[in-house]
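# Residue-level structural notes
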Amino acid sequence: MSKSVPFLLNPSKTDGLIGSVGFDPINWSDNFDIKWLQESEIKHGRVAMLATAGFMAQQFVSFPMFADIHVDDSNLAPAAVGISGMMQIVFFAGAEEWRTNKGKITMADMFADSDRVPGDFGFDPMGKLKGKSEAEINDMKLKEIKNGRLAMLAIGGMIHHNFIFGEALF
């Protein structure tokens, strides 16, 4: 039985994964590559952490060159910057995805190299993982996953607050 939802079966493919609590009610782990699902969760968590910080910061910080398009309600920002600004974000996100995965961006070929670890792009400029034991590294990975999960819920709550109340967050 699942630890997170006692009336569901524990998904066997998630056993032993960092952050796994046996939650897979739709059985995605049986139908998709588990490494791709892991990478997806990590990437979405990282983006949500940045989005949460940005959603709050933009209400108080404004760059002088963008003063004429500042909006307190972050949900109005896409309309304020227009389609060209939004397309730049999409283009650069796609280019970064292409670069970090060496051109392998589909579920079919992203993990063709069996040694590739989901979410590990070799980016550690501050050296936080140097000299750490495997247990310490796994603990940091667990913290990242949990913070990412919380951030995904937080950004959803912030966006819906603005939609429902029609006003800025703070």
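Scroll up a little and you will see the structure.
In short, a report on the structure. (Residues numbered from 1 in each chain as written. Predicted model: local features only at pLDDT ≥ 70, side-chain atom pairs only at ≥ 80, totals over all residues. Heavy atoms only, no water.)

## Here we look at the overall build of the protein
When helices and strands are tallied, the protein shows four helices and zero strands. Traced from its N-terminal end to its C-terminal end, the protein shows the element sequence α-α-α-α. Along the longest, intermediate and shortest principal axes, the C-alpha atoms of the protein span 50 × 40 × 35 Å. Restricting the contact set of the protein to residue pairs at least 6 apart, pairs at least 24 apart contribute 53%. When the 16 positive and 21 negative side-chain charges of the protein are each reduced to one mean point, those points stand 6 Å apart. (Helix = DSSP H or I, 4+ residues; strand = E, 2+ residues; numbered from the N terminus. Contact = heavy atoms within 4.5 Å. Lys, Arg positive; Asp, Glu negative; His and termini not counted. Charge placed at Lys NZ, Arg CZ, Asp CG, Glu CD.)

## What to know about the pattern of salt bridges
If the charged atoms of two oppositely charged side chains come close together, the side chains can form a pair. Inspection of every chain in the model, using the stated rule, returns seven salt bridges. The shortest N-O distance in the salt bridge between Arg116 and Glu39 comes to 2.9 Å. Of this pair, Arg116 sits in the loop between helix H3 (77-100) and helix H4 (134-165) while Glu39 is found in helix H2 (residues 34-57), placing the two residues 77 residues apart along the sequence. Both residues of the pair, Arg116 and Glu39, belong to the buried class. With a shortest N-O distance of 2.6 Å, Arg99 and Glu96 are connected by a salt bridge. Note that Arg99 and Glu96 are positioned in helix H3 at a spacing of three residues, about one turn of the helix. By relative accessible area, Arg99 is classed as exposed at 55%. Taking the relative accessible area as the measure of exposure, Glu96 reaches 37% and is therefore partly exposed. One salt-bridge network, in which partners are shared between bridges, spans Glu39, Lys43, Glu97 and Arg116. (Salt bridge = Lys/Arg side-chain N within 4 Å of Asp/Glu carboxyl O. Buried < 20%, exposed > 50% of the residue type's maximum accessible area, 1.4 Å probe, protein only.)

## Some remarks on the nonpolar core
Of all hydrophobic cores here, the largest spans five residues; its members are Ala48, Phe55, Ala151, Ile155 and Met158. Listing elements by their share of this core, those giving two or more residues are H2 and H4. Looking at which element gives the most residues to this core, the answer is H4, with three residues. Among residues more than four places away in sequence, those in contact with Ala48 are Gly148, Ala151, Met152 and Ile155. (Core = buried A, V, L, I, M, F, W, Y, C linked by side-chain atoms within 4.5 Å.)

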